Every structure is written in C-alpha cells, then in structure tokens.
Amino acid sequence: FGKDAGWDRRLAGWLDAVRAQVRAGVRAPNEIVDIRSTLHEMRLIKDAHEIAVLRHAGRINATAHIRAMRAVRPGMVEYEIEAEFLHEFCRHGSRFPAYGSIVASGANACVLHYVENNCRMQDGDLLLIDAGCELEGYASDITRTFPVNGKFSGPQKDVYEITLAAHQAAFDLARPGVAWHEIHDAATQVLAQGMLDLGLLQGSLDGVLESGSYKQFYMHRTGHWMGLDVHDVGEYKVGDDWRQLEVGMVFT
C-alpha cells in the first residue's frame, strides 16, 4: 500500500464498499497492514533447497562466462557473445536470463547498465560482462572483465589485479556475524589504495576515504542480496545499525 496510486484507489474503493454495508451486519477491516517487510525478512533467509538452486544457477552462469572467454575474438559484435551466454544457459535448463545481459567492450564498459550490446569489439579492448541466468525462479549474477584479444596490457593488468585483491578482501570477510558494511569497507580500502598506487588519486588513504574522491571510479556499494530477484528484497540496515550476516543469507 502506498507504492502504486492506481492500486491504492482500487483498494480504497473495495474497502469503502465493504464499510458501507456495516449497518447490514458486514464486518469491515479497521486497519491496513503492509506485509512487505514481513515477507522480505522471510525471503532474506534461504532454506537448504533454495541455496541448492542458487548454487546450481551459479554453476551454470560460471560455465557461460568461461564459454564467453573462450569464444571472444576481435571483430566480433557484443551480441554474438550474448548469444553464447543464452545458448549455455538454455543448454543447462535455464530458459531465461535473470536480467538484461551487459556485454560491454571498450568505452561501453564505462556506461552503467549498458545493454545495447551492438558494438564491434576491437583488438586491445577489455570486455565487461555482467550476466546471470534464472533457474526455477532464482537468479544468478556474475560480473567479469577480460581482454578481447586474450592478453592484458600492462595498465589493464594493474587495474585487474587491484580489483581482484578487493574482491578477495571482501570474500575473506563473508561469514556469519560480520556486519554488512565491513565487507564494503574492506573492498573500498583496497581499491582506494590501488588508485593511489596507480596515480589516479593524490593524498593519503585516510584522506581519499574521508573525502570520497575514490567514488569517481567506484560509486557503488559492494554486493547485494540475491534470490528470487537478482537484487533481492531485504533490509541492509536494522534501525541505524548495519545488518550482521546470518546463515542462509545469499549475496553477490
């Protein structure tokens, strides 16, 4: 209630129609309760079956990424690699992508949520792929970047290694009892230090973290819940405190 004005009007009309019959002995509801928060909390903790489906979806997605890495060549069009993904998804029983696949080469990789996937890939380009399959209603989500010609240039390798180190720092903290923001902070510190080391930023690590100057290169938070939706429901904070991870929570 309160999310869709058209639906709210229909609901209010039904409620008024029932209340108009109160004198005829019809009992009308005396309150409206939004059940989203309750349902979201139930969805946030996955059971063993849900986790098994998510793992299977993740494995299918991983094979699709590997297939793309093997198939890519300079001169191909981005949608040709998207087709490789869709083929691999379907081949393993996933009939649909979980979201619009992002296959972004060169400067296209700097466009958030680029989905045109219609440019020809050039020798020396990097290719960013953000794609996932849907399996039995559950989503997967993997993002990887690799060279179209199969070989990183020096600067490309430097950025890749920093990103990989940030990923590992976040992964090492992912366990029950850790607060959500700690994972983001760990990854951000590695990335910010890497930007300083490459000369992309100036100053001290504490300084760039406090000023937020690193956000011109890294504006996201690290990870999101995943389940029935690729960005699944569930609060990241409880009151003013960041949520602590629990067994059954799934995120990417």
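Residues numbered from 1 in each chain as written. Predicted model: local features only at pLDDT ≥ 70, side-chain atom pairs only at ≥ 80, totals over all residues. Heavy atoms only, no water.

## Structural notes on unusual backbone geometry
Of note, the phi angle at His113 is positive, near 60°, even though the residue is not glycine. Of note in this structure, Asn117 is not a glycine but carries a positive phi near 50°. On the basis of relative accessibility, which here comes to 0%, the residue Asn117 falls in the buried class. (Buried < 20%, exposed > 50% of the residue type's maximum accessible area, 1.4 Å probe, protein only.)

## Details of the pattern of salt bridges
This structure, assessed with the given rule, holds 8 salt bridges. For Asp34, the salt bridge identified is with Arg36, shortest N-O distance 2.6 Å. With relative accessibility at 34%, the residue Asp34 sits in the partly exposed group. The shortest N-O distance in the salt bridge between Glu41 and Arg243 comes to 2.8 Å. Of this pair, Glu41 sits in helix H2 (residues 36-44) while Arg243 is found in the segment after strand E8 (241-242), placing the two residues 202 residues apart along the sequence. You can call Glu41 partly exposed: its relative accessible area is 33%. Overall, Arg243 belongs to the buried group, its relative accessible area being 9%. (Salt bridge = Lys/Arg side-chain N within 4 Å of Asp/Glu carboxyl O. Helix = DSSP H or I, 4+ residues; strand = E, 2+ residues; numbered from the N terminus.)

## Considering the side chain of Asp130
Following the sequence through the fold, Asp130 ends up in strand E3 (residues 126-131). Although Asp130 is buried, it makes no salt bridge; Arg144 carries the closest opposite charge, 9.1 Å away. Within the local environment of Asp130, its side chain forms a polar contact with the side chain of Tyr99, the two groups lying 2.5 Å apart. The contacts of Asp130, once residues within four sequence positions are left out, are Tyr99, Gly100, Ser101, Ile102, Asp141, Ile142 and Thr143. (Lys, Arg positive; Asp, Glu negative; His and termini not counted. Polar contact = N/O pair within 3.5 Å; in protein donor to acceptor, adjacent residues only side chain to side chain. Contact = heavy atoms within 4.5 Å.)

## Re the packing of aromatic side chains
As enumerated under the stated definition, the model contains 8 aromatic pairs in all. Between Trp7 and Trp14, the ring centres sit 5.4 Å apart and the planes meet at 85°, which makes this aromatic pair edge-to-face. The class for Trp7 is partly exposed, based on a relative accessible area of 41%. For Trp14, a relative accessible area of 43% corresponds to the partly exposed category. Relative to Tyr236, the ring of Trp180 lies with its centre 4.9 Å away and its plane at 50°, an arrangement referred to as tilted. Placement of Trp180 in helix H6 (residues 180-197) and of Tyr236 in the loop between helix H7 (205-211) and strand E7 (237-238) is noted, with a sequence separation of 56 residues between them. Residue classification places Trp180 among the buried positions, given a relative accessible area of 2%. Every member of this aromatic cluster is reached through a ring pair, and the members are Trp180, Trp225, Tyr236 and Phe251. (Phe/Tyr/Trp six-rings, centres within 6.5 Å; stacked < 30°, edge-to-face > 60°.)

## A closer look at a nonpolar patch on the surface
Among the surface-exposed residues, Val33, Ile35, Leu39 and Met42 lie close enough to one another that they form a single nonpolar patch of about 400 Å² accessible area. The residue Ile35 is located in the loop between helix H1 (5-19) and H2 in this model. (Patch = residues over 30% accessible without salt bridge, like charges linked within 9 Å, V, L, I, M, F, W, Y side chains within 5 Å. Areas by Shrake-Rupley, 256 points an atom, 1.4 Å probe, with all protein chains shown as cover.)

## A short note on the environment of His224
Assignment of secondary structure puts His224 in the loop between H7 and E7. Looking at His224, its side chain comes within polar contact range of the side chain of Asp141, at 3.0 Å.

## Observations regarding the pairing of E3
Two elements, strand E2 (residues 102-105) and E3, share 4 bridges in a ladder whose sense is antiparallel. The partner of Ile102 across the bridge, within E3, is Asp130. (Pairing = 2+ DSSP bridges.)

## Some thoughts on the sheet that holds strand E1 (residues 96-97)
Pairing in this open sheet of 3 strands is antiparallel, and the strands run E1-E4-E5 from one edge to the other. Where the open sheet ends on each side, the last strands, each with one partner, are E1 and strand E5 (138-139). Contacts from helix H3 (residues 48-71) reach strand E4 (133-135) and E5 within the one sheet, and its direction differs from that of E4 by about 145°. (Axes fitted to C-alpha atoms, helices over the stretch in contact; angles between N-to-C directions.)

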